[in-house]
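Okay, here's what each chain looks like letter by letter:
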Amino acid sequence: MAVSPGNEPWLVRVRRTDGVVRGAGLALDARHVLTCAHVVSKGGESRSSSSEPSGEVLVDLLGQPGSRTVSARVVPGCWWPPTPDERDDIALLELAEPMSQGPFAPLRRTVTVDRRVFMYGFPATVVHGVRVEAKLKGRSGAGWERIQMVSAATELRVSRGFSGTAVVDAQTGHVVGMVVSTYEVDDREGDVVGGADQGSGLSWMIPVETILNRLPWLRDRVPGESSVDPSFRSSDGTLANPRVLRQIANFFGRLSPDNVLVIINQHHDSDIAEAVRQAAVLSSRELRSSVDSDHLSDAPPIGSIDLAVDATDRSTAEVSQRIADWADGADAATTPPEGDRAVESTPRSMIINNIDEATDPETLLSDVVLPLVDQASTRDLRMLLTFRGESIRLRTTLLARRVASLQASEEAARRAYRRAAAMVADVPRLQPMATELRIQLTKLRAAAATTDSAVLANLLASTERATDRALAEAESVRREIVAREDLWSELRGRLGAYRAMAVQHGFAEDPALGTSYRGGHDLLMAAPCDLATAEAAVREYTEAVSYRVGGQRGGGGS
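What you are looking at is a predicted structure, and each value in this text was computed from that prediction instead of being measured.

Caption draft 1: Main features of helix α10 (residues 434-447). Here α10 spans 20 Å end to end across 14 residues, near enough to the 20 Å set by a 1.5 Å rise per residue. Buried residues of α10: Ala434, Leu437, Leu441, Leu444 and Ala447, and no others. Along α10, the residues classed as buried sweep out an arc of 145 degrees about the axis, all on the same side. In α10, the exposed positions angled more than 90 degrees off the buried face are occupied by Glu436, Thr442, Lys443 and Ala446.

As structure tokens, this is what we get:
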């Protein structure tokens, strides 16, 4: 439900009984308001007492007709003060009198990267509140339970007085989290608005998934599904295979360079299948328990798996829709299916489980899995693909697509090398592997009719791993080459900008500056350019110009 910013009907302001504004909150229903624990605590400390406050606070129902004020208390058992490592900081208030009407905060799970959001808070200098915009920049904080937000340097920013307010997705109008903290330069007191210096522009929110972990009764009120399909949460008590669980944790923790990991589950009750299920649950902010978080060193980091989909007995359209619903941050009832939506907005990390148990595995592979795999190395995605059986034919098709991607990646790296080597020295050169792996793939296909299935499966697995390594290496080399090109271009631009500054301030004929400029220019134009030497020369020139210009502005210098 889209709303006019600042007119959200669920918006409330939280005050102490003496009238001092402590922060904001959001109405979840007629009797309950969500806010931060430090907003409710007696002194508003960032590290509140672990004991639940027994006193009242005042809640101004700003989004309701008449904007009346109601007293409220913390609901027993619904107090999670901020921990020393800055987790939690959630409180649920119960109003002494019910609100007259809704609608209430439309909580939604959503993508937590590159979404534009807005918040309405109550800094001390603006009694009636102010609207701030920001962008979600991904997981942050202890245990990755929070999401970092960044406001543009030219815009108003989150400051004290925003704690507890709703973070609203600018595109959908859904509430995707709650503001919990902001970074203030030099830990300055007070709120600064109106275009003045407001610090770093960094702030943090507690996402809806973490809120649902603390308030599970709210799940029935949040449309859409958890990021983890229900089948991952069922277990018969089988212990997870520790080696596989560690492998998955390293994969999604980005401790390994691979972009695609293939695992054979064997059967539903296997310890490998349990490791996959457990990894999905342990990575979820919504489902992972605090005990699991602190005592399972091999668990994937919280939030490291964006989506876990079970393909068992599902059609290709259903799997595609599931991915698209997550990416859109909306529930299936309001999101029309489109053929390529799952490919256009892909989770950065996901599990597609039991591909060979889908209703049409080959179509699922060709229409959904392979297009996603094609993006894996260039977008640095992490995709865990599991099969119940060896699925030689399906995996060979997948491998063929990956070898083709490798060939394209190697060609891109070669083009980048030819372009950069003409300008820059010491450009890394890729050792190609695509031809060798294509020959190995041909041998695998030829051996399929005669080779023992167990032997063939081992050969296929080793070729998959070799392809993973080659793809990671090709993309790494290409990125390093591009980075060296970009540095060369940036140095040229920086040198030119400081040359223009020197001319503007009357130093066009300065002998020392002229000599320094020509030194940097000649080093950059030498083919191939030694970037380290050129960077040092450009730095020397820019520092000299800054010193001269600064001295001039200061009236003569020392």
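From this point, the discussion proceeds with the structure in view.
Caption draft 2: The arrangement of the sheet that holds strand β9 (residues 146-150) in detail. Read around the barrel, six strands follow the order β7-β8-β9-β12-β11-β10 and close on themselves; strand pairing throughout is antiparallel. Within this sheet the neighbouring strands show an average axis-to-axis angle of 45 degrees, counted without direction. Relative to strand β10 (residues 166-169), strand β7 (residues 113-121) runs antiparallel, the two sharing two bridges. In the sheet register, Val117 faces β10, and the bridge partner there is Asp169.

Caption draft 3: Layout of the pattern of salt bridges. Inspection of the entire model under this criterion finds 33 salt bridges. One salt bridge connects Asp169 with Arg115, and the closest N-O pair in it is separated by 2.9 Å. Here Arg115 lies in strand β7 and Asp169 lies in strand β10, a separation of 54 residues in the sequence. An identical accessibility class is assigned to Asp169 and Arg115; each is buried. Here Arg254 makes a salt bridge to Asp380, at a shortest N to O gap of 3.0 Å.

Caption draft 4: Examining the sheet that holds strand β1 (residues 11-15) more closely. Within the closed barrel, the six strands sit side by side as β1-β2-β3-β6-β5-β4. Their pairing is antiparallel. Across the sheet, the mean angle separating the axes of adjacent strands is 40 degrees when strand polarity is ignored. Pairing analysis gives five bridges linking β1 to strand β2 (residues 21-27), with the strands arranged antiparallel. Residue pairing for β2: Leu11 is matched across the bridge by Leu26.

Caption draft 5: Fine view of the environment of Ala275. The topology assignment puts Ala275 in helix α4 (residues 271-282). The class of Ala275 is buried, set by a relative accessible area of 0%. Note: C-alpha distance between Ala275 and Leu245 (30 residues apart in sequence) is 5.1 Å. For Ala275, the contacting residues outside a window of four places in its chain are Ala240, Asn241, Val244, Leu245 and Ile248.

Caption draft 6: Focus on helix α11 (residues 453-504). With 52 residues, α11 ought to run about 76 Å at 1.5 Å a step, and its terminal C-alpha atoms sit 75 Å apart, in line with that. Two residues or fewer after α11 comes Gly506, characterised by a positive phi angle close to 85 degrees.

Caption draft 7: Region of the structure containing the pairing of strand β16 (residues 382-387). Across the six residues of β16, six count as buried, placing the element largely inside the fold. Pairing of strand β13 (residues 260-264) with β16, which is carried by five bridges, proceeds in the parallel orientation. Considered in β16, the bridge of Ile264 is made with Phe387. By the bridge criterion, four bridges tie strand β15 (residues 349-353) to β16 in an arrangement that is parallel. Bridge pairing in β16 places Ile352 opposite Leu385. Handedness of the β15-helix α8 (residues 361-376)-β16 crossover: right-handed.

Caption draft 8: Fine view of the side chain of Glu464. Position of Glu464 relative to the elements: it lies in helix α11. Of the residues examined, Glu464 reaches a relative accessible area of 10% and is grouped as buried. With residues up to four places along the chain from it excluded, the contact list for Glu464 reads Val262, Arg395 and Leu399.

Caption draft 9: Inspection of the side chain of Thr210 at higher detail. Position of Thr210 relative to the elements: it lies in helix α2 (residues 208-214). Assessed through its relative accessible area of 3%, Thr210 is described here as buried. Non-local contacts of Thr210, meaning those with residues more than four positions away in its chain, are made with Glu145 and Arg285.

Caption draft 10: Inspection of the confidence of the model for the protein at higher detail. Mean pLDDT over the protein: 84, with 87% of residues reaching 70 or higher. Summarising per-element confidence for the protein, the mean pLDDT is lowest in helix α7 (residues 341-344) (45) and highest in strand β14 (residues 307-310) (96). Note on residues 44-48: pLDDT under 50 across the span, and 15 contacts to partners over four residues away in sequence or across chains. In the model, residues 553-558 has pLDDT below 50 throughout and makes four contacts with residues more than four positions away in sequence or in other chains.

Caption draft 11: Summary view of the packing of aromatic side chains. With the rule as written, the count across this model stands at three aromatic pairs. Centroid distance Phe251 to Phe252: 5.0 Å. Interplanar angle 75 degrees. Geometry classified as edge-to-face. The class for Phe251 is buried, based on a relative accessible area of 2%. Taking relative accessible area as the criterion, Phe252 reaches 1% and is therefore assigned buried. Positioned above the aromatic ring of Phe118, the side-chain terminus of Arg131 is 4.8 Å from the ring centre. We note Arg382 situated over the ring of Phe251; from NZ or CZ to the ring centre the distance is 5.8 Å.

Caption draft 12: How the structure looks around unusual backbone geometry. For the bond running from Ala527 to Pro528, omega is -5 degrees, close enough to zero to count as cis. Along the chain, Pro528 turns up in the loop between α12 (511-525) and α13 (531-553). Residues other than glycine seldom take positive phi values, yet Asp89 does so here, at roughly 80 degrees. Counting through the fold element by element, Asp89 comes out in the loop between β5 (69-80) and β6 (90-95). Within the chain, Asp313 stands out as a residue other than glycine whose phi angle is a positive 60 degrees. Summarising the element assignment, Asp313 is placed in the loop between β14 and α6 (316-328).

Criteria and thresholds
- Residues numbered from 1 in each chain as written.
- Predicted model: local features only at pLDDT ≥ 70, side-chain atom pairs only at ≥ 80, totals over all residues.
- Heavy atoms only, no water.
- Helix = DSSP H or I, 4+ residues; strand = E, 2+ residues; numbered from the N terminus.
- Expected span 1.5 Å × (residues − 1).
- Buried < 20%, exposed > 50% of the residue type's maximum accessible area, 1.4 Å probe, protein only.
- Arc of directions from axis to C-beta.
- Pairing = 2+ DSSP bridges.
- Axes fitted to C-alpha atoms, helices over the stretch in contact; angles between N-to-C directions.
- Salt bridge = Lys/Arg side-chain N within 4 Å of Asp/Glu carboxyl O.
- Contact = heavy atoms within 4.5 Å.
- Right-handed = clockwise from strand over helix to strand, strands pointing away.
- pLDDT = per-residue confidence, 0-100.
- Phe/Tyr/Trp six-rings, centres within 6.5 Å; stacked < 30°, edge-to-face > 60°.
- Lys NZ or Arg CZ within 6 Å of the ring centre and 35° of its normal.

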